[in-house]
Amino acid sequence: MSEVERKLSSKFYSEMDKLAPRYPTRQALLLPALHQAQEETRWLSSETMAEIGAYLGMHPAKVREVASFYTMYNLEPVGKYHLKVCTNAACLLRGADDLVEHCKKKLGIQCGETTPDQRFTLMEEECLGACGTAPAMMLNDDYVENLTVQKMDEILVKH
Amino acid sequence: MAKCTIDGKTVEFQPGTNLIEVARSAGIEIPYYCYHPALTVVAQCRMCAIEIEGMPKLQTACSTAATEGMVVKTTSDRTKQNQKSVQEFLLINHPLDCSICDQAGECDLQDFSFKYGSDKIRYEEERRTFVDDDMGSVIKKNMNRCIHCTRCIRFGAEVAKIPEIVAVQRGNHTEIVTVDNQPLQTEYAGNYADICPVGSLTLKDFRFKKRVWFLKKTETVCEGCSRGCNMELSHEKNELYRCKPVFNADINKWWMCDEGRFNFHYVNDEKRVISPRIRVGSEYRQAEWAEATDRAASVLKNTKMVVLVGSDLTQEEASFAQKYAKSLSAPIFHFGTPGVRNASEDSDIDSLLKRKSKTANLHGMEKLGIAPFESLPVGITCAIVLRGGRAKLPVLSNITQVGIGVFFADESKSYDVILSGPSFAEKDGTVVNSQGTEQKFKAAIRPLGSSKPLGEILELLGQTAKEAAR
Amino acid sequence: MAETLFIQHFKDDSRPLDYYLGQMQGYTALKKALGMAPDDVIAEVKKSNLRGRGGAGFPTGVKWGFIPKQSPKPKYLVCNADESEPGTFKDRDLMRYTPHLLIEGMAIAAHAIGAHVGYLYIRGEYTREAKLLQAAIDEAYAKNYLGKGILGSSFDFDLTVHRGAGAYICGEETGLLNSLEGKRGEPRVKPPFPAISGAFGGPTIVNNVETLCAVPFILNRGGEWFAKLGKFEKSGGTRLFCVSGHVKKPGLYELPAGGATIRELIYDHCGGTLGDRKLLAVIPGGSSAPVLTADEIDVALDIEPMMKAKTMLGSAGIMVIAEGFSMPKLIRRITKFYAHESCGQCTPCREGCRWMEEVLGRIEDGKGKPKDLDLLLDVADGINGKTLCALGDAAAGPVTSFVTKFRGEFEKLMR
């Protein structure tokens, strides 16, 4: 595994080296490493995961196994703006399904798809923990709450 | 010993033993899929859930150690209801393609369905399907049949020590894969097919070859190396189809390597010489036994002989050869694996089973006092080479050679005569493994062609020589 | 309204350390705890009747007492900040407005159980909150509230923020521990329980954010005082109730444990239902809690009264549904969630949740058959109580209660 070429930045490696002493095992760095790598590369390719595996002394299959368990790791390319609209109970009660339909129509894509210009990826999301300010969504790393169709339109136009 | 009660029966147990094993020791079957005595207990399939007095919920027998005075019910209504429901859950997405599944007849899902399941299907939705990716040359994956027991994952990580089979995605979408469909690297891949309780991982080698209920099985010992893994040969109409390991706590546990598993193929190989063969000029032809032994006797006449025995022969065969050599005052040596001349040079190749000596009876040869072959003693003009099928033939130049045992057409060139003998699958006999344990080869099939036992051939040869001398 | 512990501080100005020190007696409880024997800290927490705020409601002091005094392996304190139960959104505010309260609570808990390493496992989506926490932790290290020889004592405690990555099941404590170890967040077989063998094989306590945030108050003002805040014998303190759905004023409400009925919460605190529509149903403890009809809401918001009403307070996520909303549609979505979040390890949950989702989908789409309702109850029964972790029950309970209590709504779709 040692012959894997290093493509992740030196920042990635220095961040991970800094974090390493905080855990008793190397493998515990896997989730932080996947997050950090995704921040650099936007999505996690086979090569990136193999590189992380090599760094942590893990078989690439184990890296894949873990990465694919968590929905936040993008194992395929995503658009510049990643819209994750919560449609779970509390948001549904507040009209989230209409918002999703609106987005689909506006962007011309289905959930799980990316616009041809690679700008928007639309996804239905599970509960974001923002039920008191429903409906809510994530726009990349940020929460957008108390959503309305108008607010959604403003966001889509702005970006 | 501690005691508990299972289905009204008092059962003794060693503290720490799980309820599946405790029940098994009393002849009570608790069905399970994910449990395997060699692997970490994960309690995932939920099939082994049983009732324990004083506990409100059903408990999984695999993950519950028996305790003194415990009262267990494996056939209560609640237990049965759970078994029925787990069976139903496992079948809703199963393709029910038993008619073309190689596992049929040896499938836990099939058997438990009959025993514990329902006769009705209530599932009306579309079944979940996967595209089957390749996993290399040994294993055929059929994900649609998978019941997610994860035995394969644990076998790779815990036994084969290569975590190359993993589960990706999660929940209902969980799929068993190798990363990017890479071929399996382990040299123990065949075990994946053994531990898979359904037809999800089957042997490519055995695919669509035979319905298993037509096969007869013979328990014997692997001849692939000096480990001596216990195994079973499946055969029909004097043809070998499959080989599987048989549990032996002291030698191979539940496992065997692929080399050993697929070794049997040479037995039915068409290039194998299964009747006597003699050289006529630069050509070879088949001969009757009488003609071949005559020819051998004449080749051997007035030569200075050496007897070379493969360490793939049984103790009994090697003893015959020893006697034969003694009667001719010829030196005798054994050969088998280049670089592994004696037991002290034999060692483990990996942490599981594979040994350096690629023959089964190196250690037996030493027991018989036969020395390893290094080079031809001065003045030798002829060699009798006896071989079981695995031993690597020594390269001997400028002497005449007679081969006795298992040889292949492309090996015949250096031999004036080949007297065909039985492979390990066609004979009974004793071999001594690297631990010094004596084990028995058992004949699974009759000798192929007109092959004769080695002892008989040597006797025949002796007689012919005597007659010629008269 | 009675004094609140938390909610009065839920504003952006509360975040800095200065505010915490000045307005919230910041880190005085830690100082006090470090002068006490760990057992005395545990005794004080036991006295407080603080019960886990993550959902299970187990007495916190008792849980801490399970940690063996001597252990060859390091002990760990883990904060479960994987808030993901639909309808629950209290921990997010605790973390973003009062991060130091959580840090102090963790340091005290670590001292009580003898752990020198702590992890704050926060759900991945709370990216901003993780950053705020990290900043607060950095401040705490700088002031020696964390690190070596805390506040002149001999106690060392290191705290690390560990982000999840999108998996509800990591809220289950052993799923969380696997995730922390860099594995799939699959719940583990129990026993062994985490207090004996948890993170990295060491004795581990996993506590919810709100639980840990209560600890400094208990140390400062006494377990007895905290216990008396609760209206029922077994539950101390106040609780954060998360109200969502069809109410006029959704959001967080802090009330004494058991200090109001569901009806009072909806009508006295949240201003009644949206548009004053007739109340149809209430899911009282996060989406895994069995649903209550409009007639069943005169029940106090505490653990035992809810159990008596055959539902649960869980994580106190109260979702209010007014007439006009389709109950089959709602349960379909809830079931889709559990199917999506099932880790897939065990048979009944992996297969059953999806099956229920499909049948519910068919029913909502008008393709249901009368026998489907009994089938749903049967499938739910095949899951309930028979899975490796509580997710199975969480998925089955709602289906059973929806189909039983609102059967007519489902049958209407079959005509």
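Above: the structure in question.
I will try to describe carefully the structure that is included in this document.

What counts as what
- Residues numbered from 1 in each chain as written.
- Chains lettered and ligands numbered in written order.
- Predicted model: local features only at pLDDT ≥ 70, side-chain atom pairs only at ≥ 80, totals over all residues.
- Heavy atoms only, no water.
- Helix = DSSP H or I, 4+ residues; strand = E, 2+ residues; numbered from the N terminus.
- Rg over C-alpha atoms; globule rule 2.2 N^0.38 Å.
- Buried < 20%, exposed > 50% of the residue type's maximum accessible area, 1.4 Å probe, protein only.
- Contact = heavy atoms within 4.5 Å.
- Areas by Shrake-Rupley, 256 points an atom, 1.4 Å probe, with all protein chains shown as cover.
- Core = buried A, V, L, I, M, F, W, Y, C linked by side-chain atoms within 4.5 Å.
- Buried area = accessible area lost by both parts, 1.4 Å probe.
- Salt bridge = Lys/Arg side-chain N within 4 Å of Asp/Glu carboxyl O.
- Polar contact = N/O pair within 3.5 Å; in protein donor to acceptor, adjacent residues only side chain to side chain.
- Pairing = 2+ DSSP bridges.
- Axes fitted to C-alpha atoms, helices over the stretch in contact; angles between N-to-C directions.

**Remarks on the overall build of chain C**
When you go through chain C residue by residue, the secondary structure sums to 17 helices and 9 strands. For a compact globule of 415 residues, the expected C-alpha radius of gyration is about 22 Å, and chain C comes in at 22 Å, within 12% of that figure. In chain C, which comprises 415 residues, the share counted as buried stands at 66%. Here the contacts in chain C between residues at least 6 apart in sequence split such that 71% fall between residues at least 24 apart. Surface accessibility of chain C: about 13700 Å² in total, with carbon and sulfur atoms responsible for 53%.

**Brief notes about the nonpolar core**
By size, the foremost hydrophobic cluster in this structure holds 188 residues, and its most contacted members are Tyr70 of chain A together with Phe6, Trp64, Leu102, Leu120, Phe157 and Leu330 of chain C. Sorting elements by how many residues they give to this core places helix α6 (residues 99–113) of chain C first, with 10 residues. Not counting chain neighbours up to four residues away, the residues in contact with Phe6 of chain C comprise Leu94, Leu101, Glu210, Cys213, Ala214, Phe217, Thr238, Leu240 and Glu254 of chain C. Listed in part, the 67 residues of the second largest apolar core include Ile139, Tyr192, Cys257 and Phe424 of chain B.

**Here's the deal with the interface of chain C and chain B**
Contact with chain C, which involves 33 residues of that partner, is made by 32 residues of chain B. Summed over both partners, the interface of chain C with chain B buries about 2700 Å², with 47% contributed by carbon and sulfur atoms. Looking only at chain C, the three residues that lose the most surface to chain B are Arg350, Glu351 and Trp355 of chain C, adding up to 23% of its buried area. Our count for the chain C to chain B interface comes out at 7 salt bridges. Inspection of the region where chain C meets chain B yields 23 residue pairs in polar contact (both at pLDDT 80 or more). For the side of chain C that touches chain B, the secondary-structure elements that each account for two or more residues are α13 (327–341), α14 (347–364) and α15 (371–383) of chain C.

**Regarding the interface of chain C and chain A**
Contacts between the two partners involve 59 residues from chain C and, on the opposite side, 40 residues from chain A. In total, chain C and chain A occlude about 4000 Å² of area from one another, counting both sides; carbon and sulfur atoms represent 55% of this. Put simply, Asp97 of chain A and Lys329 of chain C hold a salt bridge, and the shortest N to O gap is 2.5 Å. The interface formed by chain C and chain A includes 25 residue pairs in polar contact (both at pLDDT 80 or more). When residues of the side of chain C that touches chain A are traced back to their parent elements, those giving at least two are β2 (117–122), α7 (127–142), β3 (158–163), α8 (173–180), β5 (238–245), β9 (317–322) and α13 of chain C. Of all the elements, α13 of chain C adds the most residues to the side of chain C that touches chain A, at 8 residues.

**Quick look at the sheet that holds strand β3 (residues 49–52) of chain B**
Residue and element names in this part refer to chain B. Spatial ordering of the open sheet is given by β2-β1-β5-β3-β4, a layout of 5 strands whose pairing is mixed. Every other strand in the sheet has two partners, leaving β2 (9–13) and β4 (59–60) as the edge strands with one partner each. Note that β3 and strand β5 (residues 71–73) share 2 bridges and pair antiparallel. When the sheet's bridge partners are listed, Glu51 is paired in β5 with Lys73. In the packing of helix α2 (residues 77–92) onto the sheet, contacts are made with β3 and β5, and the angle to β3 comes to roughly 165°.

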